[in-house]
Amino acid sequence: MCLECCNQSCLINNCTLDWIEKISSKKNTPHYPKNQFIFFEGSLVMGAYFIKRGQVKIISSNINGKEQTVRLAKEGHMLGHTAFGLEKYSIGAVTLSESEICFVDNRTLQEAFLENPKFTIEVMRFYSRELRKSEIRTKCLAMMNNEEKVILGLLYIAETSTDQNSNQTKIYLSRQEIAQIIGTNSEQVSRVISILRKDKLLDTEDRTIVLHDLEALKATLSHYCIAIEY
């Protein structure tokens, strides 16, 4: 039930109490294992998704089938908001960790938008913030060298991590997954991680990357203030 949900950042909480109950009675909340598709590129838009728990990557493929990660999402975020109604997704969504994701169908969502102006405005604000972040990342990545790109990617992953604790976090993504986020290859990512480990800016444990000091990493990108302050 939405009223009993511990995820206070969910956008649905901006609806009136009666509408929260109505959405709760109509939504589905399946459990997704890691690396499972939530929806595919080209599939019909049947509604929107609200992450209750977990981490998700939004992906897009080029004409050769090469996958690029467009953005990351965590609990409290909304998925599928780039299309509405009987349109088709231009992107896909895949879980990066075990996740619970609430699905609300188009009709219920449209009625909720019309009856709950606060909910509608907060969804618009969320979409605006995510679009702005995407534009800033694209702009900065175009100007950065490989080391700076990897650092920006690590900080972005940390921001959307479900395991962040104060000034440190653990990253469970593979080198290839990190490369897809910043538009490079896994070899370049591995090379930069080795350099950062020697500089004691991070550590590695098996396949896990441990960021002990996020502020120190941000300091290396201080001349790209816009990239670390959004």
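Residues numbered from 1 in each chain as written. Predicted model: local features only at pLDDT ≥ 70, side-chain atom pairs only at ≥ 80, totals over all residues. Heavy atoms only, no water.

Enquirer: I would appreciate a short explanation of the packing of helix α5 (residues 175-182) against helix α6 (residues 186-198) in the present structure.
Expert: Packed helices, taken two at a time, are described by their axes: the angle between them and the distance between them. Between α5 and α6, whose axes approach to 8 Å, the crossing angle comes to 105 degrees. One finds that α5 runs roughly perpendicular with respect to α6. Here Arg175, Gln176, Ile178, Ala179 and Ile182 of α5 lie close against α6, whose contacting residues are Ser186, Val189, Ser190 and Ile193. Among the residues forming the contact of α5 with α6, the class breakdown is five nonpolar, three polar and one charged. (Axes fitted to C-alpha atoms, helices over the stretch in contact; angles between N-to-C directions. Helix = DSSP H or I, 4+ residues; strand = E, 2+ residues; numbered from the N terminus. Parallel < 35°, antiparallel > 145°, perpendicular 65-115°, else oblique. Contact = heavy atoms within 4.5 Å. Nonpolar A, V, L, I, M, F, W, Y, C, P; charged D, E, K, R; others polar.)

Enquirer: What is the right way to look at the packing of aromatic side chains in this model?
Expert: For any two aromatic rings, the description comes down to two numbers: the centre-to-centre distance and the angle of the planes. Taken as a whole and judged by the stated rule, the model has five aromatic pairs. Measuring from ring centre to ring centre gives 4.0 Å for Phe39 and Tyr89, while their planes differ by 20 degrees; the resulting arrangement is stacked. Of the two residues, Phe39 sits in strand β2 (residues 37-39) while Tyr89 sits in the loop between β6 (78-79) and β7 (92-95), which places them 50 residues apart along the sequence. Judged by its relative accessible area of 4%, Phe39 falls in the buried class. For Tyr89, a relative accessible area of 3% corresponds to the buried category. Ring centres of Tyr49 and Phe103 lie 5.0 Å apart, and the angle between their planes is 55 degrees; this geometry places the pair in the tilted category. Residue Tyr49 is found in strand β3 (residues 47-53), and its partner Phe103 is found in strand β8 (residues 99-105); the two are separated by 54 residues along the sequence. Here a set of aromatic residues connected by ring pairs shows up, and it is made of Phe39, Tyr49, Tyr89 and Phe103. (Phe/Tyr/Trp six-rings, centres within 6.5 Å; stacked < 30°, edge-to-face > 60°. Buried < 20%, exposed > 50% of the residue type's maximum accessible area, 1.4 Å probe, protein only.)

Enquirer: Any chance you could explain the side chain of Ser24 here in plain terms?
Expert: Along the polypeptide, Ser24 turns up in helix α1 (residues 17-26). On the accessibility criterion, Ser24 (10% relative accessible area) is buried.

Enquirer: In this structure, what is going on with the packing of α1 against helix α2 (residues 106-115)? I would like to understand it.
Expert: One can describe the packing of α1 onto α2 by two numbers: an axis separation of 11 Å at closest approach and a directional angle of 175 degrees. As summarised for this structure, α1 and α2 are arranged roughly antiparallel, according to the angle between their axes. Residues Trp19, Lys22, Ile23 and Lys26 of α1 form the contact with α2, whose own contacting residues are Thr108, Glu111, Ala112 and Glu115. In the contact of α1 with α2, the residues fall into three nonpolar, one polar and four charged.

Read these as geometric descriptors, not functional statements.
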